[in-house]
Amino acid sequence: MSDADATLQPRKSGLTRRQKRALSRGAQYVVFVAAVIAFAVAADWGRLKNQFAQWDLVKQMFPDVITLALKNTVLYTMSGFVVGLVLGLVIALMRLSPVGPYRWLAGIYIEIFRGLPALLIFVFVGVAVPLAFPGTEIPGGTYGKVALALGLVSAAYMAETIRAGIQAVPKGQMEAARSLGFSHARAMVSIIIPQAFRIVIPPLTNELVLLFKDSSLVLFLGVTLEERELTKFGRDLASQTANSTPILVAGLCYLLVTVPLGFVVRRLEAKAGEATK
Amino acid sequence: MTNTSSSSGTSTPEIHVRDLHKSFGDNDVLRGIDLEIGQGEVVCVIGPSGSGKSTLLRCVNLLEEPTQGQVFVGGTEVTHPDVDIDAVRRRIGMVFQQFNLFPHLSVTENLTLPQRRVLKRGKEEAAEVAAENLERVGLSEKADAYPSSLSGGQQQRVAIARALAMGPEVMLFDEPTSALDPELVGDVLAVMRRLAHEGMTMMVVTHEMSFAREVADRVVFMDGGVIVEDGAPAQVIGNPSHERTRHFLSRLLDPAMADVEDDVEEGEKGL
């Protein structure tokens, strides 16, 4: 009885729900505007401009920042992605294998490489691998090392993604394939994996964006002038000229690729969401 | 039209199930099934859900591994440990309740890919066989469509065509119309009826009593993992000799009545 009465009583504040919502939104705008003004007043724009927006330095960076640095970044990323994808698929299949040791190995791999900073893996590939296998060269020089390091990092994530994708394919698909006379392996290759990849294209594209940024870790391997990618290129030029403009330009070059890729991911996700309806 | 006397006169049966048991953990789903299906015979398996009829069907092509017993298809012992199950399955077509078309392939590709990968047929031959079988189910105009753009009934007919394209000796149907809207059931049953007339050996798990009555040579009623009744449709459906069969059929025809009967029965048991 008294409960029901209470709900009908006007609130203490005397505000309706709509008024409260308007008030809260108004407060958020006030905080935002205040923060922008504080930032604008506090920052030393003249020095910022000097340090980050030297127009002739920007001009000096072209075309090398695109034809060399961005090209190398893309090359490193793509080769790492391909290695990671192949390795990730193998590990995903091992994870789903009926053979126990395969499952354990895959599980251990995933736990280790998901838990380590990418930087450590680069150092490991640069130092430990040549030490452990003296005389053996990783084929492809720096490119091979980067592909291996980025591949090792991304394979752990991709394996989990691909495994989830394979398990998301309805069980009836395997049964239908088997009932038509496909062997388990052939059904996997022709029927299950193609469908799984459709499911995991959005998360894999996301992984590509992450790899793109991780490719900057190449500088810890020590690279020649010709092998420099965006971050190394920007940093080198910045220290030569004692000015940070090159860093800003390099950063913008990353966004040039990652922003459209992010857009593609959202489109793919929206499309996948529609398809499963 | 009903071929009442089963064709048991012909030599070896096409499907022969001998003392088949299947359990999932503690759950005994099949408890000793013996069944023979002759060449060209159409057998409908009916029974309440959980009676084991789908499991029996799935044991015939070893989608489920029997716990005990033997299954022979066309004289080959399917359950023999040394048998090449992929080779046996090529001779057994199967149609599922949920169609299970390959969604990433077009209708034609759904028919050609298994032929090419499994039977190693050439591109042209596979395409030819695919076109033939699509025509057989009346869906030639959908050859380039993708499964998602088809109605349930059309998908199921494509699934039948896909199985037929492999040239099977036997066709298994696992509740082929249960997932369909009522107005789409007829087209699928029409295709199956024609297949039966063409002499295909068919084992059909179904709830479509009119189909069973009209098309089947024999009707098998299962309950609790055993075959309760096995005979001509007119007998099993029209004049069942077992109480359990009668009960199932009355429930199927008039669910409300069956509830009343249940209550009466329970009351009697209580006494």
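Residues numbered from 1 in each chain as written. Chains lettered and ligands numbered in written order. Predicted model: local features only at pLDDT ≥ 70, side-chain atom pairs only at ≥ 80, totals over all residues. Heavy atoms only, no water.

- Looking at an unreviewed UniProt entry, one finds chain B named ABC-type polar-amino-acid transporter and attributed to Streptomyces olivochromogenes.
- According to the UniProt record, the Catalytic activity (unreviewed entry) comment for chain B is "a polar amino acid(out) + ATP + H2O = a polar amino acid(in) + ADP + phosphate + H(+)".
- Reading the Subcellular location (unreviewed entry) entry of the UniProt record for chain B gives the comment "Cell membrane". (UniProt positions renumbered as here; feature names shortened; annotations may be inferred.)

- By the naming in an unreviewed UniProt entry, chain A goes by Amino acid ABC transporter permease and is assigned to Streptomyces olivochromogenes.
- Comment text from UniProt for chain A, heading Subcellular location (unreviewed entry), reads "Cell membrane".

1. Section: the UniProt feature "domain: ABC transmembrane type-1" (unreviewed entry) in chain A
- Taken from the UniProt record, the annotation "domain: ABC transmembrane type-1" (unreviewed entry) applies to residues 70-265 of chain A.
- In the segment residues 70-265 of chain A, helix accounts for 81% and strand for 0%; the C-alpha atoms at its two ends are 21 Å apart. (Helix = DSSP H or I, 4+ residues; strand = E, 2+ residues; numbered from the N terminus.)

2. A look at the UniProt feature "domain: ABC transporter" (unreviewed entry) in chain B
- Following the UniProt record, the feature "domain: ABC transporter" (unreviewed entry) maps to residues 15-249 of chain B here.
- Across residues 15-249 of chain B one finds 38% helix and 26% strand; the C-alpha atoms that close the span lie 26 Å apart.

3. Digging into unusual backbone geometry
All names here are of chain B.
- Backbone geometry at Asp19 places phi at a positive 45 degrees, although glycine is not the residue there.
- A relative accessible area of 32% places Asp19 in the partly exposed class.
- Positioned with a positive phi, Lys120 is a non-glycine residue whose angle comes to about 60 degrees.
- Note that Lys120 resides in the loop between helix 3 (107-118) and helix 4 (123-136). (Buried < 20%, exposed > 50% of the residue type's maximum accessible area, 1.4 Å probe, protein only.)

4. Comments concerning the interface of chain B and chain A
- Residue-level contacts link 23 residues of chain B with 17 residues of chain A.
- Roughly 1700 Å² is buried in total at the junction of chain B and chain A, and carbon and sulfur atoms are behind 59% of that figure.
- Linking chain B to chain A there are two salt bridges.
- Asp86(B) is paired through a salt bridge with Arg178(A); the nearest N and O atoms lie 3.2 Å apart.
- Along the contact surface separating chain B from chain A lie five residue pairs in polar contact (both at pLDDT 80 or more).
- Listed by contribution, the elements that provide at least two residues to the side of chain B that touches chain A are helix 2 (85-90), strand 6 (92-95), helix 3 and helix 5 (152-164) of chain B.
- Residues of the side of chain B that touches chain A, tallied by class, amount to 13 nonpolar, three polar and seven charged. (Contact = heavy atoms within 4.5 Å. Buried area = accessible area lost by both parts, 1.4 Å probe. Salt bridge = Lys/Arg side-chain N within 4 Å of Asp/Glu carboxyl O. Polar contact = N/O pair within 3.5 Å; in protein donor to acceptor, adjacent residues only side chain to side chain. Nonpolar A, V, L, I, M, F, W, Y, C, P; charged D, E, K, R; others polar.)

5. What to know about a nonpolar patch on the surface
Residue and element names in this part refer to chain A.
- Among the surface-exposed residues, Phe39, Trp45, Leu48, Phe52, Leu248, Leu252, Leu255 and Val259 lie close enough to one another that they form a single nonpolar patch of about 770 Å² accessible area.
- Counting residues per element, the ones that place at least two in the nonpolar patch are helix 3 (45-52) and helix 12 (245-275).
- With four residues, helix 12 is the single largest residue contributor to the nonpolar patch.
- Here Trp45 lies in helix 3. (Patch = residues over 30% accessible without salt bridge, like charges linked within 9 Å, V, L, I, M, F, W, Y side chains within 5 Å. Areas by Shrake-Rupley, 256 points an atom, 1.4 Å probe, with all protein chains shown as cover.)

6. Considerations on the UniProt feature "transmembrane region" (unreviewed entry) in chain A
Residue and element names in this part refer to chain A.
- UniProt's entry tags residues 27-46, 74-94, 115-134 and 247-265 with the feature "transmembrane region" (unreviewed entry), counted in the numbering of this structure.
- In residues 27-46, helix accounts for 90% and strand for 0%; the two terminal C-alpha atoms are 32 Å from one another.
- Within the segment residues 247-265, helix and strand shares are 100% and 0% respectively, and the terminal C-alpha atoms sit 27 Å apart.

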